[in-house]
Amino acid sequence: MKRLYAFLALALSLFIAATVPCAEAGQPMAGGTLRYGMVTEVSSLDPHVYVGSSWKVLNATFYDTLLTFNQDAQLVPALAESWETSDAKTYTLRLRRGVRFHGGEPFTARDVKYSLERVMDPKTGATLRENLAGTKITALDDFTIKLERPTSDATLLNVLALPEAAIISSEWMKSDPNVKVKANGTGPFLLKDYEPAVRAVAEKNPNYFRKGQPYLDRIEFRMIKNDDARVNALRTGAVDMIEFVPWKDIDTLQRQPGIKVEASGGAFMNLWFNTRKKPFDDARVRRAIGFAIDRDAISRAAFFGHGTPLYGPPTAPDSPYYNRDLANAFSYDPQRAKTLLKEAGYPDGFECELLVFQGLAIYTSTAQIVQANLKQVGINARIKLVEWANVVESKNKGAYDFMVYGVNVKLPDPDVYAYYFGGDSTYWANPIGFRDEKIETLLKRGRSLTDSDERKKVYAELERRVVELSPWVFINWRDQAQAYKDSVQGYKQLGGALSESGPGIALPVMWIKR
């Protein structure tokens, strides 16, 4: 068992990748307001239903998890002070005392039991349902919780550290609040105002359990979907920090005095198929599109040198689970694409609709090149530009043919494939009814194993199955960048599986130099 955890610690450190040094060292100053420009219009605050990277920042602002990662990418205590397991099947967690929710309710094991059971309830539509399904949760006393998995599960602690496993007040939930527009967690900031898809205002939680934190008094989140408007807001001083720096502006902003830019890897672009709809219910059609796409052209045109073609599964080369045999599973081969289309019964191609978020240039540029590539093999893809809220709604309803979608690596473990392709995951698979029994079997087996070499074999087989089915076409890795005024201190860009969570991790220790 010790060998397993030592291996997992090594895997985590390798997979998360190098982080960038934080802003100038100095004594933190309490007070001040951070004005934060977000990339997407967050239309729901439900802490258990992922709706995008900006949502993840807000979730970590208002809610805590049992465990978390720190700015050194280490797994550390949060609402759970300590934990133990002897077999990776039964976990006992001892909870922090004296913590209160924003509404004043005391935090106890009842809240943990309620929150995790809410995640597992199909009615919630929670993103992590696949990862936690079958867990028996017992409150041994007010401050001790026992989690029993159906089989050994070496991934559980990492899953419990994801913002999607947030702890919510069970007492508050008895009043049936609208969690899409209200929040009641134990997080570092309290929700004071929220206009869905427009803005959110957070104020310091004076009773936060981490003494002395947060440093900021207030955060004003402004949802600025337009790339140029977001950059201009930073340049003119209308905001202090922006996420998702447009790839065309990364190099320019890095040269601008008074502005810092931090970038890291850990995200990748894809085409997501509705495998319930013809012709995308045929894996040969999906693989054909995989061979029709010119990934190198997309990386150059859409990402301005900050993207790398991805011809195989999305496991980073520095991961212990990286499979070189599948690194070039696809190539730019229009003739092979035509052959597969003919085998599938579409020798003359077909017409379809490509759903695209219009707020980010990388989405529209990618879509335009994909459209041109597909036309060369006889597929007429009509581009439909929509707002982010429409993307989320179409995804959750399964109301699309195929779409361009960017994904941040969600978990520092290959069990992340359960998040992507597990049949009960509402992230992509569940809304369109995708469920492959071989993938399900391999996910369960990989999760239950404690021998690292055996796990590698299982996940290699799982990745071969993913390539065979091609429910997504992986296009390219992309850098992710944040930019901020040099008066903003304490931020540290994280890479790999923590690139998306990094801003939320940093907010409690960020401060304004005055």
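Residues numbered from 1 in each chain as written. Predicted model: local features only at pLDDT ≥ 70, side-chain atom pairs only at ≥ 80, totals over all residues. Heavy atoms only, no water.

*Asks:* An account of the overall build of the chain is needed here, citing residue identities and associated values.
*Replies:* Scanning the chain for helices and strands turns up 17 helices and 19 strands. For the C-alpha atoms alone, the extent of the chain along its principal axes is close to 65 × 55 × 45 Å. In the chain, buried positions account for 62% of the 514 residues. Taking all contacts inside the chain whose residues are at least 6 apart in sequence as the whole, residues at least 24 apart take part in 72%. In the form shown here, the chain has an accessible surface area of approximately 19,100 Å², with 47% of it arising from carbon and sulfur atoms. Computed over 66 positive and 61 negative side-chain charges, the separation of the two mean positions in the chain equals 1 Å. (Helix = DSSP H or I, 4+ residues; strand = E, 2+ residues; numbered from the N terminus. Buried < 20%, exposed > 50% of the residue type's maximum accessible area, 1.4 Å probe, protein only. Contact = heavy atoms within 4.5 Å. Areas by Shrake-Rupley, 256 points an atom, 1.4 Å probe, with all protein chains shown as cover. Lys, Arg positive; Asp, Glu negative; His and termini not counted. Charge placed at Lys NZ, Arg CZ, Asp CG, Glu CD.)

*Asks:* Tell me about the nonpolar core, and please be specific about residues and values.
*Replies:* If you look at the biggest cluster of nonpolar residues, it comprises 167 residues, and the most contacted ones within it are Leu66, Leu271 and Tyr420. Top contributing element to this core by residue count: strand β17 (residues 472–485), with eight residues. Look past the residues within four positions of Tyr420 in its chain and what remains in contact with it is Phe268, Val407, Asn408, Val409, Lys410, Tyr427, Trp428, Ala429 and Trp472. (Core = buried A, V, L, I, M, F, W, Y, C linked by side-chain atoms within 4.5 Å.)

*Asks:* Explain the packing of helix α9 (residues 283–292) against helix α16 (residues 452–469) to me, and be specific about the residues and the numbers.
*Replies:* Closest axis-to-axis distance for the α9/α16 pair is 7 Å, and the angle between their directions is 90°. With respect to each other, α9 and α16 are oriented roughly perpendicular. For the pair α9 and α16, contact is made by Ala283, Arg286 and Arg287 and by Val467, Glu468 and Leu469, respectively. Of the residues assigned to the contact of α9 with α16, the class counts are three nonpolar, no polar and three charged. (Axes fitted to C-alpha atoms, helices over the stretch in contact; angles between N-to-C directions. Parallel < 35°, antiparallel > 145°, perpendicular 65-115°, else oblique. Nonpolar A, V, L, I, M, F, W, Y, C, P; charged D, E, K, R; others polar.)

*Asks:* Explain α9 to me, using residue names and the numbers behind them.
*Replies:* Taking burial as the measure, the 10 residues of α9 include eight buried ones, the bulk of the element. By the N-cap criterion, in which a side-chain oxygen at the helix start approaches the backbone nitrogen of a residue two or three places on, α9 is capped by Asp282, the distance to Arg284 being 2.8 Å. (Polar contact = N/O pair within 3.5 Å; in protein donor to acceptor, adjacent residues only side chain to side chain.)

*Asks:* Give me the packing of aromatic side chains: which residues, what numbers.
*Replies:* Ring pairs (aromatic) are described by centroid distance and by the angle formed between their planes. Summed over the entire model, instances satisfying the criterion amount to 38 aromatic pairs. Aromatic side chains Phe268 and Phe474 sit 6.2 Å apart centroid to centroid with 70° between the ring planes, which places their arrangement in the edge-to-face category. With Phe268 in strand β12 (residues 259–273) and Phe474 in strand β17, the pair connects residues that are 206 residues apart, well separated along the chain. By the burial criterion, Phe268 is buried, and Phe474 matches it. For the pair Trp472 and Phe474, a centre-to-centre distance of 6.3 Å together with 70° between the ring planes defines the contact as edge-to-face. Accessibility assignment for this pair places Trp472 and Phe474 in one class, buried. (Phe/Tyr/Trp six-rings, centres within 6.5 Å; stacked < 30°, edge-to-face > 60°.)

*Asks:* If you had to explain unusual backbone geometry to someone new, which residues and values would you point to?
*Replies:* With an omega of -5°, the peptide bond between Gln213 and Pro214 qualifies as cis. Summarising the element assignment, Pro214 is placed in the loop between β9 (199–204) and β10 (218–223). Residue Pro279 is bonded to the preceding Lys278 through a cis peptide linkage, with omega at 0°. A positive phi angle, close to 60°, is found at Ala88, a residue other than glycine. Accessibility expressed as a relative area gives 0% for Ala88, which makes it buried.

*Asks:* Lay out the environment of Ala80 with the relevant residues and their values.
*Replies:* Looking at the element boundaries, Ala80 is found in strand β4 (residues 80–85). For the pair Ala80 and Arg97, spaced 17 residues apart in the sequence, the C-alpha separation amounts to 9.3 Å. Excluding anything up to four places from it in sequence, Ala80 contacts Leu66, Leu93, Arg94 and Leu95.

*Asks:* Give me the lowdown on the side chain of Arg149, citing residues and values where you can.
*Replies:* Inspection of the secondary structure assignment puts Arg149 in the loop between β7 (144–148) and α5 (156–160). Here the side chain of Arg149 touches Leu132 through a polar contact of 3.3 Å, landing on its backbone oxygen. Here the side chain of Arg149 touches Ala133 through a polar contact of 2.9 Å, landing on its backbone oxygen. Not counting chain neighbours up to four residues away, the residues in contact with Arg149 comprise Lys89, Asn131, Leu132, Ala133, Gly134, Thr135, Leu156 and Arg447.

Any link to function would need more than the numbers given here.
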